[in-house]
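# A structural walkthrough
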Amino acid sequence: MKKNIKLLSGIIALLIASAGGYVVSDYSTGNSYSEIEDKEIAIELTRVIDGDTIEFNRNGENKKMRLLLIDTPESTTTKTGSAQPFGKESKEFLSEYLVGKKLSLEYEPTQEQEDQYGRTLAYLFADGELVQEKLVAEGLARVGYEKGQEIYLDDLNEAEKNAELDKKNIWSIKDYVGKYGFNNK
């Protein structure tokens, strides 16, 4: 009888331990929350350059970061000769949104961590929220430069679909958003 109780106790302990593992799992990626947090790297914002580009400081080193998987209209005349519609608004939104928040970045396992210009390519989080998703949801960015397997691509596509249906900002101008950028208006 004592053997059966010990065996039963052992089985129950194993079941409880394995059930606990499911509680802390992220079903969408199979990663535990602690593993996800370990991927995020704390940074300090130095300045917002554009709606999809920032400068940050990490360990005393300033670097530029291109927000992965999004494209915003140009806010300056440098590339296009004039600011594009909603370019200034995307930069202003990003500037205001990031103020006072704890910032971190996360690299995409399927893409390079740096582009040909030496800019960090990563996801930006503000108080744990994906900044790219906020910009897309507000209709201030389009989804772009994806390869199809990125970890947050489905979330961004869903946010874009909703912004387009609601005709928010960039989606309010007919034929403005193109497959590879923004059409001159």
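Everything below is about the structure printed above this text.
Residues numbered from 1 in each chain as written. Predicted model: local features only at pLDDT ≥ 70, side-chain atom pairs only at ≥ 80, totals over all residues. Heavy atoms only, no water.

What the protein contains, in helices and strands, is five helices and twelve strands. Each of the 185 residues in the protein was classed as buried or not, and the buried ones make up 39%. About 11400 Å² of surface is accessible on the protein, with carbon and sulfur atoms providing 50% of the total. (Helix = DSSP H or I, 4+ residues; strand = E, 2+ residues; numbered from the N terminus. Buried < 20%, exposed > 50% of the residue type's maximum accessible area, 1.4 Å probe, protein only. Areas by Shrake-Rupley, 256 points an atom, 1.4 Å probe, with all protein chains shown as cover.)

Here we take up the pairing of strand E8 (residues 120–126). Burial runs high along E8: seven of the seven residues are buried. Pairing of strand E5 (residues 61–67) with E8 involves three bridges; the strand directions are parallel. Among the inter-strand pairings, Arg66 is bridged to a residue of E8, identified as Leu121. Two elements, strand E7 (residues 103–106) and E8, share four bridges in a ladder whose sense is antiparallel. Following the sheet pairing, Glu106 is matched in E8 by Tyr123. Counting the residues in the hairpin turn of E8 and strand E9 (residues 129–130) gives two residues, including Asp127, whose phi is positive at 50°. (Pairing = 2+ DSSP bridges.)

Bringing helix H5 (residues 153–165) into the picture now. With 13 residues, H5 extends 18 Å from end C-alpha to end C-alpha; this agrees with the ideal 18 Å at 1.5 Å per step. Within the sequence span of H5, burial applies to Leu153, Leu156, Ala159, Glu160 and Ala163. For H5, the angular spread of buried residues about the axis comes to 130°, placing them on one side. Seen from the buried face of H5, the exposed residues on the opposite side, beyond 90 degrees, are Asp154 and Leu165. (Expected span 1.5 Å × (residues − 1). Arc of directions from axis to C-beta.)

Here we take up the packing of aromatic side chains. Overall, the coordinates contain four aromatic pairs when judged by the stated rule. Ring geometry for Tyr176 versus Phe182: centroids 5.2 Å apart, planes at 40°, classification tilted. Take Tyr176 and Phe182: they sit in the same class, and that class is buried. Among the aromatic side chains, those forming a connected cluster through ring pairs are Tyr123, Phe125 and Tyr152. Above the ring of Tyr97, the side-chain terminus of Lys101 is found at 4.0 Å from the ring centroid. Directly above the aromatic system of Tyr145 lies the positively charged group of Arg142, at a separation of 5.8 Å from the ring centroid. (Phe/Tyr/Trp six-rings, centres within 6.5 Å; stacked < 30°, edge-to-face > 60°. Lys NZ or Arg CZ within 6 Å of the ring centre and 35° of its normal.)

Across six bridges, the pairing between strand E4 (residues 53–58) and E5 is antiparallel. By the bridge assignment, Asn57 is partnered in E5 with Asn62. Where E4 folds back on E5, the antiparallel hairpin that results is connected by two residues, among which Asn59 adopts a positive phi of roughly 55°.

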